[in-house]
Amino acid sequence: MELIQHNPDLSAYLAADEVIDHDHPLVRKTAAELAKDAADSYAYARLAFEFVRDTIPHSQDSGDPRVTWRASDVLEQRTGICYAKAHALAALLRAEDIPTALCYQKFDVLHGLVAVRFNGAWHRQDPRGNKPGVDARFSLDGERLAFTPDADSGELDHPLLYAAPHPAVLNALRAADDREHLWRSLPTAL
């Protein structure tokens, strides 16, 4: 599948905003701590991915009722669903000048991912968190995502790469009182 930048300006995929707030002190501190152990930007990207995947539980898996959506809140509260974890990873990567996009897959509901740009190409990554049956890994040599869409069932990979969260995703996160409420209002389409 060919991934398509929604915004042709690559600098948009480095920007900070209210959601991907990589200028926030906690995001900057976390990025600096991870960068200490990285020999280069590829190693940093892998460390940031593993940090989000492994140290921030997916709230549905852990039973955490809190809903986070801003990257700094995800890092502070150490919880989030796929979208929130993607926001946190995007912020950590952008904090170290790695172009990062948000992207989505469609199952019964939308699933959130990121794409990182290395060597002139975009590479999708899925930081949702592993569990039995899910083994997502950081890779630039072929995708190692949590889930593979079944086209015969109407599932699909959306090819557009967004610089900011899609409004349907952000609206659902912001409107949710708790994870149970969010689960009933997850977006099903872009």
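Look above for the structure.
The following refers to the structure shown. Within any chain, residue numbers begin from 1 and follow the written order of that chain's sequence. In keeping with the model being predicted, local features are shown solely for residues with a pLDDT of at least 70 and side-chain atom pairs are shown and tallied solely at 80 or more, while totals for entire chains, interfaces and linings include all residues. Hydrogen atoms and water are omitted, and side-chain values are computed over all heavy atoms in the structure.

## Some thoughts on the overall build of the protein
Of the regular secondary structure elements, the protein holds seven helices and six strands. Taken over the C-alpha atoms alone, the protein extends approximately 40 × 35 × 35 Å along its principal axes. For the protein, the proportion of its 190 residues judged to be buried stands at 50%. Long-range pairs, those at least 24 residues apart, make up 61% of the contacts in the protein between residues at least 6 apart in sequence. Under the convention used here, a 1.4 Å probe and the Shrake-Rupley method define accessible areas, while residue burial counts only the protein chains that appear. Total accessible area on the protein stands at roughly 8,700 Å², and carbon and sulfur atoms take up 47% of it. Charge-centre separation for the protein: the mean point of 20 positive side chains lies 3 Å from the mean point of 29 negative side chains. Think of it this way: any DSSP run of H or I at least four residues long counts as a helix, any run of E at least two long counts as a strand, and we number them from the N terminus. Each residue's exposure class comes from its accessible area (1.4 Å probe, protein chains only) as a fraction of the maximum for that residue type: buried when under 20%, exposed when over 50%, partly exposed otherwise. Note on definitions: a residue-residue contact is assigned when non-hydrogen atoms from the two residues lie within 4.5 Å. By the counting scheme adopted, Arg and Lys are positive, Glu and Asp are negative, and His together with the chain ends is not counted. Where a charge sits is defined by one atom per residue type, namely NZ (Lys), CZ (Arg), CG (Asp) or CD (Glu).

## Some points on the nonpolar core
As used in this record, nonpolar core signifies buried Ala, Val, Leu, Ile, Met, Phe, Trp, Tyr and Cys residues forming a set joined through side-chain atoms within 4.5 Å. Core analysis: the largest hydrophobic core is formed by 45 residues, its most contacted members being Tyr44, Tyr83, Leu92 and Leu93. Broken down by secondary-structure element, the contributors of at least two residues to this core are helix H1 (25-35), helix H2 (41-55), helix H4 (71-77), helix H5 (82-95), strand S2 (100-106), strand S3 (110-118) and helix H6 (167-175). Tallying contributions element by element places H5 first for this core, with 11 residues. Filtering out sequence-adjacent residues up to four positions away, Tyr83 remains in contact with Tyr104, Leu110, His111, Gly112, Val169, Leu173, Leu186 and Pro187. One finds Cys103, Leu113, Ala115 and Trp122 within the second-largest nonpolar core, a separate group that totals 11 residues.

## Details of the pattern of salt bridges
A pairing counts as a salt bridge when a side-chain nitrogen of Lys or Arg comes within 4 Å of a carboxyl oxygen of Asp or Glu. Within the structure shown, the criterion is met by 14 salt bridges. For Glu33, the salt bridge is made with Lys29, and the minimal N-O distance between the two is 3.9 Å. Here Lys29 and Glu33 lie together in helix H1, a separation of four residues that amounts to about one turn. Measuring nitrogen to oxygen at the nearest pair gives 3.3 Å for the salt bridge that ties Arg46 to Glu50. Pair noted here: Arg46 and Glu50 are both in helix H2, with a separation of four residues, about one helical turn. Salt bridges sharing partners connect three or more residues here, namely Glu18, Arg70, Asp73 and Arg174.

## Quick word on the sheet that holds strand S4 (residues 121-125)
For two strands to be treated as a pair, DSSP must find at least two bridges joining them. Pairing is antiparallel in the open sheet, where four strands are placed in the order S4-S3-S2-S5. Each edge of the open sheet is held by one strand with a lone partner, namely S4 and strand S5 (156-157). As defined by bridge partners, S2 adjoins S3 across seven bridges and the pair is classed as antiparallel. Opposite Lys106, over in S3, you have Leu110 as the bridge partner.

## Some details on the pairing of S4
The buried count for S4 comes to four of five residues, which makes it a mostly enclosed element. With five bridges connecting them, S3 and S4 associate as antiparallel partners. Bridge assignment links Val114 to a residue of S4, and that residue is Gln125. Two successive antiparallel strands, S3 and S4, enclose a turn made up of two residues, where Asn119 displays a positive phi of approximately 55°.

## Quick notes on the packing of aromatic side chains
Aromatic rings from Phe, Tyr and Trp, taking only the six-membered ring of Trp, are treated as a pair when their centres fall within 6.5 Å; an angle between ring planes under 30 degrees marks them as stacked, one over 60 as edge-to-face, and anything in between as tilted. A complete count under the given rule lists seven aromatic pairs for this structure. Among the aromatic residues, those joined into a ring-pair cluster are Tyr42, Phe49, Phe118 and Phe138. The aromatic ring of Trp69 is capped on one face by Arg174, whose charged end is 4.6 Å from the ring centroid. Lysine and arginine charges are scored as sitting over a ring when NZ or CZ, respectively, is within 6 Å of the ring centre and within 35 degrees of the ring normal.

No statement about biological role is implied by the geometric values presented.
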